[in-house]
Amino acid sequence: MQEYKPFRSPIHPIKGSTVAPSTRSPIWNNPDFTINRKPLNFTSWKHEGITHLHHVVQDSKIISFQELIHKFDICNSQYLQYLQLKSTILPKINSTFNTQDQTIIIDEFSKISSSVKLLSMIYTFLNTTDTLIFLPTSKWEQDLSITPNADFWSQICKNNFTHCKIPNLQLIQFKVNHRTHYTGERLHKMGFTTSVQCTYCTQHTTDNYMHAVWHCTPIRQFWIQVTDHLSHILGCHIPLSPQLCILGDISSVQLHNHIKTTLFTALVVVKKTILLNWKTRNQLNITHWKNLLIDQTTIEKMSASINQAYPVSTKLGPHLFKNPPLQMPDLNSTESCNTPRFLFCFVFFFFSLFFPLIYSIIIIIIIYFYLFFYSFFAAVVINIIIITEISTHTSTYKYRLHTYLHSHTHTHIHMCSIYTKIPN
């Protein structure tokens, strides 16, 4: 058996890299420009404005020392440092050296004057300037036997964001478009399995990506059930096409934009169901897909109700819910429940703002009643103790008087009068 060796990505340290510098590469403290294994750092030159290669390089050559003196007012006594700089930088400049003084990215970044939403501006710029498609287009075209036009793949990428607003579903469609999931064929190439054939069906074919998401027998039957169900719900024919179902090419069906968004969301949920049963394809059933779609529909309706928007999956609701949840108000109708909605918002904000105060008042009341009943109970106990003690002392006093009366008979009448005055 062939020994499996784990894959390790190569490490590319900054120091000694083979990446050719550009005119915007910094000179000082750059690990690529070193003398005796220490980066260059001429402080006086830095203060004079020499910071990047385009200050000292022109036409792939180091400018002369006299030109540096004229442009940056460098002292004549620093010629030795000039030679060190030249001997360090010149070997790094080759035929691939970028002689452009400025690039589009550097120009745009140099216009940024504030750090507010800096990452957002960078991402927006990169998304708008980089129009290259990094999808495995050749594999998809070969598997689907299509020859699309120039805008086909860019539209496929845009559909993921224009027809779906749920980040979880967007990520699923993004991974499907890039074929990132591990199939039996890929696992065999990595050395984890001994066969490339699919073990979930009897076709005895290679378990490649197209087979795993479309041609496998349980997957195929599941797609047929889902497309038939969606055709019944939407009232139109949904073709059993991998271009539509897998890539999300909504342009292949003639539907209203509102229905296209609903269909796209439902198809992405189908792929989510397949991925959740990636290792148990034979357990795929349409009930699981309905449950996931109900979850997404419920979340979308709640979000639309709060944001006062129209839920795109309204058409799916009556067909999916056996016991429909509470009906959301029709936001497009003039008879919309403005008063209940106002009351709902008022109650919601009231509880969100005053709940801490109400909670504190309830706690204070509970503590007050606790202290009150505790004090009352303590008072009752103390009174009982006092009464008991008084009764005990009274009985003792009576006994002593009685003994005294018997011992002194000559004062019997007088003491009896005193004895009768003592309260019981």
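Residues numbered from 1 in each chain as written. Predicted model: local features only at pLDDT ≥ 70, side-chain atom pairs only at ≥ 80, totals over all residues. Heavy atoms only, no water.

Caption draft 1: Spotlight on the packing of aromatic side chains. Summed over all chains, the structure comprises 9 aromatic pairs. Aromatic side chains Trp140 and Tyr209 sit 6.1 Å apart centroid to centroid with 85° between the ring planes, which places their arrangement in the edge-to-face category. In this pair, Trp140 is assigned in helix 6 (residues 137-144) and Tyr209 in helix 10 (residues 209-215), connecting sequence segments 69 residues apart. Tyr209 matches Trp140 in its accessibility class, with the two residues each being buried. A centroid spacing of 5.5 Å and a plane angle of 45° characterise the contact between Trp214 and Trp223, whose relative ring orientation is tilted. With respect to class, Trp214 is no different from Trp223; both count as buried. Arg179 extends its terminal NZ or CZ atom over the ring of Trp140, reaching a point 4.5 Å from the ring centre. Lying over the aromatic face of Trp278, Arg281 brings its terminal NZ or CZ to 5.5 Å of the ring centre. (Phe/Tyr/Trp six-rings, centres within 6.5 Å; stacked < 30°, edge-to-face > 60°. Helix = DSSP H or I, 4+ residues; strand = E, 2+ residues; numbered from the N terminus. Buried < 20%, exposed > 50% of the residue type's maximum accessible area, 1.4 Å probe, protein only. Lys NZ or Arg CZ within 6 Å of the ring centre and 35° of its normal.)

Caption draft 2: Fine view of helix 11 (residues 217-234). Taking 1.5 Å per residue, 18 residues should reach 26 Å; helix 11 reaches 26 Å between its end C-alpha atoms and fits that length. Considered for burial, the residues of helix 11 that qualify are Pro218, Ile219, Phe222, Trp223, Val226, Thr227, His229, Leu230, Ser231, Ile233 and Leu234. Within two residues after helix 11, Gly235 carries a phi angle of roughly 75°, on the positive side. (Expected span 1.5 Å × (residues − 1).)

Caption draft 3: A look at unusual backbone geometry. Look at Lys117: it is not a glycine, yet its phi comes out positive at around 55°. Along the chain, Lys117 turns up in the loop between helix 4 (104-110) and helix 5 (118-129). Of note, Arg179 is a non-glycine position whose phi angle comes to about 55°, a positive value. As for its position among the elements, Arg179 is in the loop between helix 8 (167-178) and helix 9 (184-190).

Caption draft 4: Region of interest: the packing of helix 8 against helix 13 (residues 257-276). Two numbers describe how helix 8 lies on helix 13: the axes approach to 10 Å, and their chain directions differ by 70°. Looking at the two axes, helix 8 sits roughly perpendicular to helix 13. Here Asn168, Leu169, Ile172, Gln173 and Val176 of helix 8 come into contact with helix 13, specifically with Phe264, Thr265, Val268, Val269, Lys271, Lys272 and Leu275. Its residues placed into classes, the contact of helix 8 with helix 13 shows 7 nonpolar, 3 polar and 2 charged. (Axes fitted to C-alpha atoms, helices over the stretch in contact; angles between N-to-C directions. Parallel < 35°, antiparallel > 145°, perpendicular 65-115°, else oblique. Contact = heavy atoms within 4.5 Å. Nonpolar A, V, L, I, M, F, W, Y, C, P; charged D, E, K, R; others polar.)

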